[in-house]
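Coordinate inspection notes
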Amino acid sequence: MQLMRPITPLHLGQLFFALTLTVASTCWADPPKLARDDALWLARITYGIDSASVEHYQQLGRRRYLDEQLSGKNDALPPAIAQEIAQMPVSQTKSLDILENVAAENKRIKAMPEGPDQVAARKAQRELGNQYAYQARRTEVLRALYSPAQLKEQMTWFWLNHFSVYEQKGNLRWLLGNYAEQAIRPNSLGHFRDLVMATLTHPAMIEYLDNAQNANGHINENYARELMELHTLGVNSGYSQQDVQELARVLTGVGITRRDNPPKLKPDWQPLLIRNDGFEFNPARHDFGNKTLLGKTIEGRGFAEVEQAVDLIIKQPACARFISRKIAMYFVSDDPPAKLVEQMAKTFQKSDGDIAAVLRTMFESRDLDDSAGKKFKDPMQFVVSSLRLAYDGKQIANTHPVMNWLNALGEPLFGHLTPDGYALIESGWASSGQMSRRFEIAKTIGNGNAGLFDPEDGTPPTATGFPQLASRLYYNAIEPTLPQATRDTLDHATSQQEWNTYLLSSPGFNYR
């Protein structure tokens, strides 16, 4: 006679876990699953699949969904998220007001007698600046998680990385939110020239790359060099050191201003003065001599030289190829096919640098489909896609854990010291140390809510949540994308938490 083995709590847990997966996989038959190609395509045009994106994709079909994403107009956030962002000072305050308030407070602190009060005032000012920087980062994370305009949000992050600024330099922490909201996001799907001009005339970029110190007779080439090498043409693209020097001369007079220090100008120069929300073109600091840039003469006449120089640079075939290749590296492959880059570059040139048109060429290409499931997620994509799957539209209250994960993975928002931005290729994020940290973060996300629903002001939670990864969303849109090896690994999980960790740390989930 065979004796029955006692049923332990562990066995009960495993049995319940197995029943849960069985019920989930059999009861959620409708709506129909996404085909693997559709699921992988959707995973790249978004930060990561959630139920809303799947449902909308199934309603519209690929072409109309792409049209909507390229327009960027369907960007209404959930009301609670929209209200929270609108109430953040960082999203409302003009750059000029920020700069003047900071300068006034610094002046007041400097005039205080040395002692504890001055130390406390400096600490309070520093903490307020840190709050501004945190609000800027929180805004980006919330938009990435919940905006239906997912391509617009990805491109906003892409351009924030391309036109990178570092929050720890000077007064930049105060300006990050305005930089993202006013210079980058409105132009993320527009024309590249407008994006370049928006960054060129924003105090954050001017301060970061030292152009406020660039004046006639005191040339600072820093911004001119990065504008050509990192922002528009790329290295070894045909320009010379002489071109950098000439562009620096063109950029003399481009700086930062406040209301209380208008420049004293002779009458002929007064019409050439430009002041707009902290930006200033001061003709008294400009080199009015003629310049030769990329073989073309630029006659000295003030800020119009800057616009002519930007037009000239952007029309170079090298610019079209450089920008197209970098976009393809982000979405398609670490080494994108030359034919695809050339097609995107042709679209760039024909459309006068229309970013949405370039993206359409890429998203409608065969090369994008052929690379499905082969592009390694960077830390931002990994963290955001994990949360979009785990909580599927449920709004988190606390973004500190998200910031901590991005810090641990080496990709804090606005945290790249040098202007070249974070890596877009797998080797930048796939070291053994990186993968170990990614596994621990997957485990933290998979095991519980990780403090994501604890209000940041310390008040008691009004809502809670728990990661729901083995959901209808998973079976309809994630499972079809997973290789058999990942499915086999998941079959060996002995608890829901272990299954969650295996899924989020699996190669199948970490590539898109």
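An account of the accompanying structure is given in this report. (Residues numbered from 1 in each chain as written. Predicted model: local features only at pLDDT ≥ 70, side-chain atom pairs only at ≥ 80, totals over all residues. Heavy atoms only, no water.)

Examining the pattern of salt bridges
Our working definition: In what follows, salt bridge is the name for a side-chain nitrogen of Lys or Arg lying within 4 Å of a carboxyl oxygen of Asp or Glu. A run of DSSP states H or I qualifies as a helix once it reaches four residues; a run of E qualifies as a strand once it reaches two. Both are numbered from the N-terminal end. Under the scheme applied here, a residue whose accessible area is under 20% of the maximum for its type counts as buried, over 50% as exposed, and between as partly exposed, the area being computed with a 1.4 Å probe on protein chains only.
This model, assessed by the stated rule, comprises 27 salt bridges. Taking the shortest distance from any N to any O, the salt bridge between Arg388 and Asp50 comes out at 3.3 Å. Residue Arg388 is found in helix α19 (residues 379-391), and its partner Asp50 is found in the loop between α2 (36-45) and α3 (51-71); the two are separated by 338 residues along the sequence. When its relative accessible area of 3% is taken as the criterion, Arg388 is described as buried. Accessibility expressed as a relative area gives 9% for Asp50, which makes it buried. Arg143 is the salt-bridge partner of Glu181, the closest N and O atoms lying 3.2 Å from each other. Here Glu181, found in helix α9 (residues 172-184), pairs with Arg143, found in helix α7 (residues 116-146); they are 38 residues apart in sequence, far enough to count as distant. In this structure, Glu181 and Arg143 share a single accessibility class: buried.

Let's talk about the side chain of Arg137
Applied cut-off: Here a polar contact is taken to be a pair of N or O atoms separated by no more than 3.5 Å, where protein atoms must pair a possible hydrogen donor with a possible acceptor and residues adjacent in sequence count only if both atoms sit in side chains. A contact between two residues is defined here by any heavy atoms of the two lying within 4.5 Å.
Summarising the element assignment, Arg137 is placed in helix α7. By relative accessible area, Arg137 is classed as buried at 17%. Looking at Arg137, its side chain comes within polar contact range of the side chain of Glu167, at 2.6 Å. With residues up to four places along the chain from it excluded, the contact list for Arg137 reads Glu167, Met403, Leu413 and Phe414.

Regarding the packing of helix α12 (residues 222-232) against helix α13 (residues 241-250)
Just so we agree on the cut-off: Between the N-to-C directions of two axes lies an angle of 0 to 180 degrees, each axis being a line fitted to C-alpha atoms and, for a helix, fitted only over the stretch in contact. Note on angle classes: values under 35 degrees are labelled roughly parallel, values over 145 roughly antiparallel, values of 65 to 115 roughly perpendicular, and the remainder oblique. Here a crossing is called left-handed whenever its near helix is offset anticlockwise from the far helix by less than a right angle, and right-handed whenever the offset is clockwise. In this count, Pro and Cys sit with the nonpolar residues alongside Ala, Val, Leu, Ile, Met, Phe, Trp and Tyr, while Asp, Glu, Lys and Arg are called charged and the others, Gly among them, polar.
Where α12 meets α13, the closest approach of the two axes is 8 Å, and the angle between their N-to-C directions is 125 degrees. Classified by the interaxial angle, the pair formed by α12 and α13 is oblique. Crossing of α12 against α13: the hand is right-handed. On α13, the residues that touch Ala224, Arg225, Leu227 and Met228 of α12 are Gln241, Asp243, Val244, Leu247 and Ala248. Counted by class, the contact of α12 with α13 contains six nonpolar, one polar and two charged residues.

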